[in-house]
Amino acid sequence: MPWNEVSTVTLRKEFIALAKQQGANISQLCRRFHISRKTAYKWLKRDSEGYSLENRSTRPHHSPYKTDNGIEALIMQARIAHPEWSGRKLKRFLENLGYTDLPTPSTITKILQRNNLIKTSSASTQTNWIRFEHPNPNDLWQMDYKGPIHTASGKGFALTILDDHSRYSLGVEIATDMTFESTKAKLSMVFERYGLPCRMTMDNGVPWGNNYTRWSRFTLWLLDQDIKVSHSRPYHPQTQGKD
């Protein structure tokens, strides 16, 4: 025989029917239905007043911290005009226009969600970047200078070398300048630790290139070590993105 499904409202009606019987023991009924006396009298009062026994919404009738309708409309207009911008950027944009008392970026995001404006970005339609890596370690090294870095001992530059396949940092060597001699000395230390790569790629700046030719003194030195050399496309830093 199948079990009969019993809803919460059905149990409340059963409790009220039993509680209305002459000589009913409310405390005993509370223990039977696993409710408190306060809850029992609440449902008895609601039934006597003719109200529904369904759960009422706990949503407040008034929210003193709700964002002003005018500000909310302003946020939606800005999002429609700039569908790629996040809550943080929209807030800064409106602040730059002179608006004050704006909600936090997270609240702005909730406003966009509530008004179905969160999916206006074209990011979901964009294809993913095609990631590439060479099949073996030492097939290709990436190299670049970072800086200048100002330290207590003076200005310096960080020579960074990365293996393209493993993304292992082969070295972060600090040099006082970016001349051929300094770079050769620092890179030679890395060669002694890890051997020679098949190829190295760099941008077109000093010391690996210049505005006139890619066959710099440093490039010729690498070729003498039987290391192939390649350069990233000008104004295209994505090539050196891993480093």
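Placed above this text is the structure.
Every value quoted in this text rests on a predicted model; they were computed, and no experiment measured them. (Residues numbered from 1 in each chain as written. Predicted model: local features only at pLDDT ≥ 70, side-chain atom pairs only at ≥ 80, totals over all residues. Heavy atoms only, no water.)

A. Region of the structure containing the overall build of the chain. From N to C terminus, the chain includes eight helices and five strands. Ordering the α and β elements of the chain from the N terminus gives α-α-α-α-α-α-β-β-β-α-β-α-β. Taking all 243 residues of the chain together, 31% fall into the buried category. Restricting the contact set of the chain to residue pairs at least 6 apart, pairs at least 24 apart contribute 53%. For the chain, the accessible surface area stands at approximately 17300 Å², while carbon and sulfur atoms represent 53% of it. (Helix = DSSP H or I, 4+ residues; strand = E, 2+ residues; numbered from the N terminus. Buried < 20%, exposed > 50% of the residue type's maximum accessible area, 1.4 Å probe, protein only. Contact = heavy atoms within 4.5 Å. Areas by Shrake-Rupley, 256 points an atom, 1.4 Å probe, with all protein chains shown as cover.)

B. Looking closely at helix H4 (residues 69-81). Given a rise of 1.5 Å per residue, 13 residues ought to cover 18 Å, and the 18 Å separating the end C-alpha atoms of H4 matches this to within 8%. Taken together, the buried positions of H4 are Ile71, Glu72, Leu74, Ile75, Ala78 and Arg79. Looking straight down H4, one finds that the buried residues subtend no more than 160° of arc, so they occupy a single side. Across from the buried face of H4, at angles greater than 90 degrees, the exposed residues are Asn69, Gln77, Ile80 and Ala81. Elements that come into contact with the buried residues of H4 comprise helix H5 (87-96) and helix H6 (105-114). (Expected span 1.5 Å × (residues − 1). Arc of directions from axis to C-beta.)

C. Inspection of the nonpolar core at higher detail. Counting residues in each nonpolar core, the largest one holds 19 residues, and the members touching the most others are Met143, Ile161, Leu187, Phe191, Met200, Phe218 and Leu222. Elements with a minimum of two residues in this core: strand E1 (141-151), strand E2 (154-163), strand E3 (169-175), helix H7 (180-194), strand E4 (199-202) and helix H8 (217-224). Residues in contact with Phe191, not counting those within four places in the same chain, are Trp141, Leu196, Pro197, Met200, Trp221, Leu222 and Ile227. (Core = buried A, V, L, I, M, F, W, Y, C linked by side-chain atoms within 4.5 Å.)

D. Highlighting a nonpolar patch on the surface. On the surface, Ile149, Val172 and Ile174 cluster together to form a nonpolar patch covering roughly 260 Å² of accessible area. The topology assignment puts Ile149 in strand E1. (Patch = residues over 30% accessible without salt bridge, like charges linked within 9 Å, V, L, I, M, F, W, Y side chains within 5 Å. Salt bridge = Lys/Arg side-chain N within 4 Å of Asp/Glu carboxyl O.)

E. Local environment of unusual backbone geometry. With an omega of 10°, the peptide bond between Gly147 and Pro148 qualifies as cis. Tracing the sequence through the fold places Pro148 in strand E1. The phi torsion at Asp101 lies on the positive side, around 55°, for a residue other than glycine. Here Asp101 shows up in the loop between H5 and H6. Phi is positive for Asp226, close to 65°, though the residue is something other than glycine. Inspection of the secondary structure assignment puts Asp226 in the loop between H8 and strand E5 (228-231).

F. Region of interest: the sheet that holds E1. Strand order in the open sheet made by the five strands is E3-E2-E1-E4-E5, with mixed pairing throughout. Lying at the two open borders of the sheet, with one neighbouring strand each, are E3 and E5. Ignoring strand direction, the axes of neighbouring strands in this sheet form an average angle of 25°. By the bridge criterion, two bridges tie E1 to E4 in an arrangement that is parallel. For Gln142, the partnering residue across the bridge sits in E4 and is Thr201. (Pairing = 2+ DSSP bridges. Axes fitted to C-alpha atoms, helices over the stretch in contact; angles between N-to-C directions.)

G. Structural context of the pattern of salt bridges. Taken as a whole, this structure holds seven salt bridges when the rule is applied. The shortest N-O distance in the salt bridge between Glu72 and Arg114 comes to 3.0 Å. With a gap of 42 residues between them, Glu72 in helix H4 and Arg114 in helix H6 connect regions that are remote in the sequence. A salt bridge links Arg217 to Glu181; the nearest nitrogen and oxygen atoms lie 3.0 Å apart. Placement of the pair is Arg217 in helix H8 and Glu181 in helix H7, with a sequence separation of 36 residues. With a relative accessible area of 54%, Arg217 lands in the exposed category. Here the salt bridges do not stand alone but share partners, grouping Lys91, Arg92 and Glu95 into one network.

H. Main features of the pairing of E2. Counting buried residues in E2 gives eight out of ten residues, a clear majority hidden from the surface. Judged from the nine bridges that link them, E1 and E2 form a sheet pairing that is antiparallel. Directly across from Tyr145, in E2, lies its bridge partner Leu159. The turn linking E1 back onto E2 is made up of two residues. Pairing between E2 and E3: six bridges, direction antiparallel. Residue pairing for E3: Ala158 is matched across the bridge by Ile174. The loop that links E2 with its antiparallel partner E3 comprises five residues; one of these, Arg167, has a positive phi angle of about 60°.

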